[in-house]
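Chain by chain, the residues:
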Amino acid sequence: MLSTMQDGQLSLAHLLRHGTTVHANSEVVTWTGEGARREDYGELGQHAARLANALRSLGVTGDQRVGTFMWNNAEHMAAYAAVPAMGAVLHTLNIRLFPEQLVFVANHAEDQVILVDGTLVPLLAKQLPQLNTVRHVIVANGDASALEAPAGVEVHSYDELLAAQPDTFDWPVVDERAAAAMCYTSGTTGDPKGVAYSHRSIWLHSMQVCMSDSMRLAQHDKALVIVPMFHAMSWGLPYAALMVGASLIMPDRFLQPAPIARILEAEKPTFAGAVPTIWQGLLQHLEANPQDISHLREVVVGGSAAPPSMMHAFEEKYGVPILHAWGMTETSPLGSVARPPGGVTGEQAWEYRYTQGRFPASVRARLITDDGTEAPWDGESVGELEVSGPWIAGAYYGDNVDPDKFHDGWLRTGDVGKVTPDGFLTLTDRAKDVIKSGGEWISSVDLENAVMAHPAVAEAAVIGVPDEKWDERPLVAVVVREGQSVTAAELREFLADKVAKWQLPENWTFIDEVPKTSVGKFDKKRLRAFHSEGKLDISKL
Ligand code: ADP
């Protein structure tokens, strides 16, 4: 029997219309270094309409791709709102990709137009002649005349182009299954692969972001969005904010700890999202420059494992709870969120909060062992995590397929972990980062967390290195906190009662900085390369 219900399209044009009228007084605040410029959601609606008219005037029709090469700011937000709502596809380009990867993704997605921030023009200019499908570049927040256009490309000033446009637009009803936006994986483990989100997947994902056992985003929130809009759609925060009317605080290019601390002081956000390295940096800054940040009701951390020592420092010194979450570009990205079950308190609650979190109803999950069988959810059995659901990718875009990644309707995450009977995921590693020592597995994440709990350690990354006797053994690369000192022997001693004896690392190296990927995660690929090229000075205990 068919239902008697209407079948309205979950189209982003509705989201834009709703957010910019019902929540017209909410704001997009963009940091300028000295202060902030402000646009309310009502103005955002007009801004988005002018942008959509401008893009139409440049010939953008159908599902053509509009690339953005931008910081988190009001203009980027207008593109998030306007491009999918007009039926085109927003392609957020990662400004930190290696040049050849940038060329690859823009050509692969066949971007027609690129919106670029003035400060990023020099970065884009070098690669622009190789971007074969780009016909127009629009320079926002800067001087368009600074960009010399290659043959066949027209350069426009964002302000001049938009000033000539009407501030209303007849937003079409777009099929909810059509692509709305695309994002390429940042390539931590290979070439970037394109994920094309649909209107429907973004809509459903936005609802999940706002659910109370998820990120709990609500109309009274002011969300500081540090996670870049080119990194897995800023974890869905911009669209979720538009859905419920939460205000957005955008740091633009001011991402160092000192300016972040100033934004916190000036704008007093209630919520914020960023990868662990950003919070580690802020923590160090706050130690030297104390400041009240208790206006943050919660901070969401994901992208890589949140070290428990960092979670305790934020909560106990600053009164700010860290909410740990797991996801990937391929999962929109929200996959699981670590809120302890009701009634659980004290140390037990912390144990739940350290995990990568619980799957919501829309994310189905299973663990697959080496022999292809499904591991039970008993909190102990380990396997590769596979997920499926309405906001999980079922394929990569175009011919850039990776058949190993998808099978029987499931996405293979490449993450290895265990799940408790009540659905909490603990990741022990990425499949390729697991250290195999004498036939047993050592979790690089567990070792990193244990080393980072030492007060003299700012950062620690662990990789497996070849070993004649055991095949592989862990190597710990340590960054010591400024003004502190610690030896490898002291760190090993510190670990002695925290990890099994056979897991105690004997290889240590002290470095100035852990290499980071384009989205701020530990770049173990490069660390492994440094090791194999003999660039690390190793002490063996
Ligand atoms: P990339 O694959 O380039 O790093 P993504 O941002 O999509 O790009 O990364 C997704 C991966 O990040 C996950 O597969 C997982 O390995 C890691 N990750 C995300 N969140 C967490 C977390 N909370 N704890 C540990 N690892 C995480």
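Located above this text is the structure these notes cover.
Quick caveat: nothing in here was measured; it's all calculated off a predicted structure.

About the cut-offs
Residues numbered from 1 in each chain as written. Predicted model: local features only at pLDDT ≥ 70, side-chain atom pairs only at ≥ 80, totals over all residues. Heavy atoms only, no water. Helix = DSSP H or I, 4+ residues; strand = E, 2+ residues; numbered from the N terminus. Rg over C-alpha atoms; globule rule 2.2 N^0.38 Å. Buried < 20%, exposed > 50% of the residue type's maximum accessible area, 1.4 Å probe, protein only. Contact = heavy atoms within 4.5 Å. Axes fitted to C-alpha atoms, helices over the stretch in contact; angles between N-to-C directions. Parallel < 35°, antiparallel > 145°, perpendicular 65-115°, else oblique. Left-handed = near helix turned anticlockwise from the far one by under 90°. Nonpolar A, V, L, I, M, F, W, Y, C, P; charged D, E, K, R; others polar. Phe/Tyr/Trp six-rings, centres within 6.5 Å; stacked < 30°, edge-to-face > 60°.

### Details of the overall build of the chain
Stage number 1. Within the chain, the secondary structure is distributed over 15 helices and 28 strands.
Stage number 2. What you see for the chain is a C-alpha radius of gyration of 23 Å, in line with the 24 Å of a compact globule of 541 residues.
Stage number 3. Within the chain, the fraction of its 541 residues that count as buried is 59%.
Stage number 4. Put simply, of all contacts in the chain between residues at least 6 apart along the chain, 67% involve residues at least 24 apart.

### Description of the packing of helix H1 (residues 12-22) against helix H2 (residues 41-57)
Relative placement of two packed helices is described by the angle separating their axes and the distance separating the axes.
Stage number 1. At a minimum axis distance of 7 Å, the contact between H1 and H2 shows a crossing angle of 140°. As summarised for this structure, H1 and H2 are arranged oblique, according to the angle between their axes. Of the two elements, H1 crosses H2, and the hand of that crossing is left-handed. Taking contact as the criterion, the partners of Leu16, Gly19 and Thr20 in H1 are, on H2, Tyr41, Gly42, Leu44, Gly45 and Ala48.
Stage number 2. Residues that form the contact of H1 with H2 fall into these classes: four nonpolar, four polar and no charged.

### Some thoughts on the packing of helix H10 (residues 276-288) against helix H11 (residues 308-318)
Stage number 1. H11 packs onto H10 with a crossing angle of 40° between their chain directions and a minimal axis gap of 11 Å. In this view, H10 runs oblique relative to H11, as classed from their interaxial angle. Considering how the two elements wind past one another, H10 and H11 form a crossing that is left-handed. Facing H10, whose interface residues are Pro276, Trp279, Gln280, Leu282, Leu283, Leu286 and Glu287, H11 presents Met310, Ala313, Phe314, Lys317 and Tyr318.
Stage number 2. Split into classes, the residues belonging to the contact of H10 with H11 amount to nine nonpolar, one polar and two charged.

### Quick look at the packing of aromatic side chains
Stage number 1. On inspection of all chains with the given rule, the structure shows eight aromatic pairs.
Stage number 2. With a centroid separation of 5.0 Å and 75° between ring planes, the pair formed by Tyr396 and Phe406 is classed as edge-to-face. With Tyr396 in the loop between strand E19 (383-388) and strand E20 (406-407) and Phe406 in strand E20, the pair connects residues that are ten residues apart, well separated along the chain.
Stage number 3. Of the aromatic side chains, those joined through ring pairs into one cluster are Trp279, Phe314 and Tyr318.

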